[in-house]
Amino acid sequence: QKEVEQNSGPLSVPEGAIASLNCTYSDRVSQSFFWYRQYSGKSPELIMSIYSNGDKEDGRFTAQLNKASQYVSLLIRDSQPSDSATYLCAVFGNQFYFGTGTSLTVIP
Amino acid sequence: EAGVVQSPRYKIIEKKQPVAFWCNPISGHNTLYWYLQNLGQGPELLIRYENEEAVDDSQLPKDRFSAERLKGVDSTLKIQPAELGDSAVYLCASSSHRGNLEQFFGPGTRLTVL
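This section reports on the structure supplied with the text. (Residues numbered from 1 in each chain as written. Chains lettered and ligands numbered in written order. Predicted model: local features only at pLDDT ≥ 70, side-chain atom pairs only at ≥ 80, totals over all residues. Heavy atoms only, no water.)

Before going further, it helps to spend a moment on the pattern of salt bridges. Pairing is possible between side chains that carry opposite charge, provided their charged atoms lie close to one another. Evaluated as defined, the whole model comprises 7 salt bridges over all chains. Its salt-bridge partner being Asp83(A), residue Arg60(A) comes within 2.9 Å of it at the nearest N-O pair. Taken together, the residues Arg60(A) in the loop between β6 (54–58) and β7 (61–66) and Asp83(A) in the loop between β8 (71–76) and β9 (85–92) connect sequence positions 23 residues apart. What makes Arg60(A) partly exposed here is its relative accessible area of 26%. By relative accessible area, Asp83(A) is classed as buried at 1%. Between Arg64(B) and Glu83(B) there is a salt bridge, and its shortest N-O distance comes to 3.3 Å. Residue Arg64(B) is located in the loop between β6 (53–56) and β7 (65–68), and its partner Glu83(B) is located in the loop between β8 (75–79) and β9 (88–95); the two are separated by 19 residues in the primary sequence. Taking the relative accessible area as the measure of exposure, Arg64(B) reaches 13% and is therefore buried. (Salt bridge = Lys/Arg side-chain N within 4 Å of Asp/Glu carboxyl O. Helix = DSSP H or I, 4+ residues; strand = E, 2+ residues; numbered from the N terminus. Buried < 20%, exposed > 50% of the residue type's maximum accessible area, 1.4 Å probe, protein only.)

Opposite the 17 residues of chain A that make contact, chain B presents 20 residues. With both sides pooled, the region where chain A packs onto chain B buries about 1500 Å², and carbon together with sulfur makes up 55% of that total. At the junction of chain A and chain B, the tally comes to 0 salt bridges. Applying the counting criterion to the chain A and chain B interface returns 6 residue pairs in polar contact (both at pLDDT 80 or more). (Contact = heavy atoms within 4.5 Å. Buried area = accessible area lost by both parts, 1.4 Å probe. Polar contact = N/O pair within 3.5 Å; in protein donor to acceptor, adjacent residues only side chain to side chain.)

Moving on, we come to the packing of aromatic side chains. For the coordinates displayed, the defined rule picks out 12 aromatic pairs over all chains. Relative to Phe105(B), the ring of Phe98(A) has its centre 6.1 Å away and its plane inclined at 75°; by these criteria the two rings are edge-to-face. Of this pair, Phe98(A) sits in strand β10 (residues 96–98) while Phe105(B) sits in strand β10 (residues 104–105), each in a different chain. For Phe98(A), a relative accessible area of 11% puts it in the buried group. A residue is classified by how much of its surface remains accessible, and Phe105(B), at 11% relative accessible area, is buried. Their ring planes at 40° and their centres at 5.5 Å tell us that Tyr35(B) and Phe105(B) sit as a pair that is tilted. Taken together, the residues Tyr35(B) in strand β4 (residues 31–37) and Phe105(B) in strand β10 connect sequence positions 70 residues apart. For the pair formed by Tyr35(B) and Phe105(B), the shared burial category is buried. (Phe/Tyr/Trp six-rings, centres within 6.5 Å; stacked < 30°, edge-to-face > 60°.)

Residues and elements named next belong to chain B. Strand order across the open sheet formed by 4 strands is β1-β3-β8-β7, with antiparallel pairing between neighbours. On the outer flanks of this sheet lie β1 (5–7) and β7, each paired with one strand and no other. For this sheet, the mean inter-axis angle between neighbouring strands, taken without regard to orientation, is 15°. In the sheet, strand β3 (residues 19–24) pairs with β8 via 5 bridges, with the strands oriented antiparallel. Paired with Phe 21 across the two strands is Leu 77, which belongs to β8. (Pairing = 2+ DSSP bridges. Axes fitted to C-alpha atoms, helices over the stretch in contact; angles between N-to-C directions.)

To continue, consider the side chain of Asp86(B). Here Asp86(B) shows up in the loop between β8 and β9. Leave out the neighbours within four places in its chain, and Asp86(B) touches Arg64(B), Phe65(B), Ile79(B), Pro81(B), Leu111(B) and Val113(B).

This part takes up the side chain of Arg64(B). A distance of 2.8 Å separates a polar atom in the side chain of Arg64(B) from the backbone oxygen of Pro81(B). Apart from residues lying up to four places away in sequence, Arg64(B) is in contact with Lys78(B), Ile79(B), Gln80(B), Pro81(B), Ala82(B), Glu83(B) and Asp86(B).

A few words now on the nonpolar core. The nonpolar side chains of a soluble globular protein tend to be buried, and buried together. Core analysis: the largest hydrophobic core is formed by 23 residues, its most contacted members being Trp35(A), Val72(A), Leu74(A), Ile76(A) and Tyr87(A). At the level of elements, β3 (19–25), β4 (32–38), β5 (45–50), β7, β8, β9 and β11 (102–107) of chain A are the ones that each hand at least two residues to this core. If we ignore the near neighbours within four places in the chain, the residues touching Ile76(A) are Ala17(A), Ile18(A), Ala19(A), Leu21(A), Arg60(A), Phe61(A), Asp83(A), Tyr87(A) and Leu104(A). Within the second largest apolar cluster, 22 residues are counted, among which are Ile13(B), Phe21(B), Cys23(B) and Ile79(B). (Core = buried A, V, L, I, M, F, W, Y, C linked by side-chain atoms within 4.5 Å.)

Here you go:
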């Protein structure tokens, strides 16, 4: 079992729709959770972090954390073609682990 | 504010040759990370420094990989000798301090071992 699992996709949504990206993790001591966006050929860039159960909103992005279910998600509202990228989930407990990423395509 | 700087951006070497990568973190960032990323995979942590101390090097293949961060600022990652399977992108990231784990990545070094 991998420490962090993501559906590799590809996930396709029409422009203006909500994109939902999911991530599960195996280490119950994990305390810090991050979402990164990575465009093809580029390095990851931080979208947002979340540390407490519940929702955290930043602009069009909402991160959701449920530690009991060991689940973290990212919602992108009003998806734009520029959101087309791979989204990486990262988890820190005793070590940092990244998922393999979910490829998102926003169709104009 | 300047971002994380890495050099070189690209490196092509033959197997069994040595190679070194350099990273300069964001000014004031005490924590530095080295990752490798294979195509279609997420970054895999090689080593994490808090200032000049390596606090997590459990995933660093120590038979051929070494790293240093002598003055707690810039860092060098070395592979000697390189193997075909080392071809990957090597990413450096930094975060401000132990309590803030939000990492900012450099552009990476793409290594090709022939």
